[in-house]
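Descriptive analysis of the structure
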Amino acid sequence: MRRRPKSEEPRIERAGAWLYEAHRARDRFAPLPADLAPGSVAEAYAVQSEYVGMRAASLGQVTGYKIALTTPAMRAMVGLKDPIAGDMLDETIRRHRSAAAASVRAADYVRLLVEFEIAVEMAEDLPAIGAPYDRKRVAQAVAAVMPALELADDRNADYSILPANPLMLIADNAWNEGAVLGDPVRDWKGVDLAAVRGVATINGQNEGEGHGRDVMGHPLDALAWIANNLASRGLGLWRGDVVITGSLVTTKYPKAGDRIRFEAGALGAVELQVK
């Protein structure tokens, strides 16, 4: 069957392809052309799905999710009223084990960003039909909790343009490029996740601190939010999925040679070497 010319493809598909090509060309982050720009949150997530689907061919299926803009100040900065969700692809999720830090190459990103988070691994499914979910219900579905470093790439974005184009962050998958996960803590229910103190260091220097409660009041409230966000789109969380729940420390921009460490109290630590 003859493929339709790109000009005849549905607008959402063309928008996803435009984003995919912009990333492949390492173009600076920019709004979608006016004829492709999403006009609603629903359209923005549809574009995200198209873009992520194209990346999945080489990076594996969606096996995790991120939450961005978890504070009112961050949402006000980009002109959105609610947090946003992004997908994480299987090949972009790295597991750090105690013996050695995970590593990435700075050159593989236009501009690498790192954030410092509490991650959860799901023990059971949370399908759309079960929504709405609350903290108590999602807690029953958590297999393990661990510290994590989110990897992202803002492609040298001019942040001043975001308030005029807030849906672009959703469409561009919240800039996610994966995560580094620490050792999973399976006996986590005795840990007060809201009180967990996270400390970020780069090359041994303290770069910021935060607590689990800084993310939407409680990391499991953030997990319930993403379960409900997915359900609103007819999607679910599945056993084995990983969710990173939002950064406890402000975003950092590491460079080649930096060693990044995030200590999260009883949850242990996670490290990343940037080459």
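In this report, we go over the structure that sits alongside the text. (Residues numbered from 1 in each chain as written. Predicted model: local features only at pLDDT ≥ 70, side-chain atom pairs only at ≥ 80, totals over all residues. Heavy atoms only, no water.)

1. Section: the pairing of strand β6 (residues 142-153)
- Counting buried positions along β6 yields 12 of 12 residues, so the element is predominantly enclosed.
- Sheet topology note: the strand β5 (residues 112-122)/β6 ladder contains 11 bridges and is antiparallel. Opposite Glu121, over in β6, you have Ala144 as the bridge partner.
- Two strands pair when backbone bridges link them, and β6 and strand β7 (residues 176-181) are joined in this way by 4 bridges, in the antiparallel orientation. Looking across to β7, one finds that Glu150 is bridged to Ala179. (Buried < 20%, exposed > 50% of the residue type's maximum accessible area, 1.4 Å probe, protein only. Helix = DSSP H or I, 4+ residues; strand = E, 2+ residues; numbered from the N terminus. Pairing = 2+ DSSP bridges.)

2. Topic: the packing of aromatic side chains
- Applying the stated criterion to the full structure yields 3 aromatic pairs.
- With a centroid separation of 5.2 Å and 85° between ring planes, the pair formed by Phe29 and Trp175 is classed as edge-to-face. Here Phe29, found in the loop between α1 (11-24) and α2 (41-59), pairs with Trp175, found in the loop between α5 (167-171) and β7; they are 146 residues apart in sequence, far enough to count as distant. When sorted by exposure, Phe29 lands in the same class as Trp175, which is buried.
- Summarising the aromatic geometry, the rings of Tyr159 and Trp175 are spaced 5.6 Å apart at their centres and angled 75° between planes, so their arrangement reads as edge-to-face. With Tyr159 in the loop between β6 and α5 and Trp175 in the loop between α5 and β7, the pair connects residues that are 16 residues apart, well separated along the chain.
- For Tyr159, a relative accessible area of 24% corresponds to the partly exposed category.
- By way of ring pairs, the aromatic residues Phe29, Tyr159 and Trp175 are connected into one cluster.
- In this structure, Arg233 is placed above the aromatic ring of Tyr45, and the distance from its NZ or CZ to the ring centre is 3.9 Å. (Phe/Tyr/Trp six-rings, centres within 6.5 Å; stacked < 30°, edge-to-face > 60°. Lys NZ or Arg CZ within 6 Å of the ring centre and 35° of its normal.)

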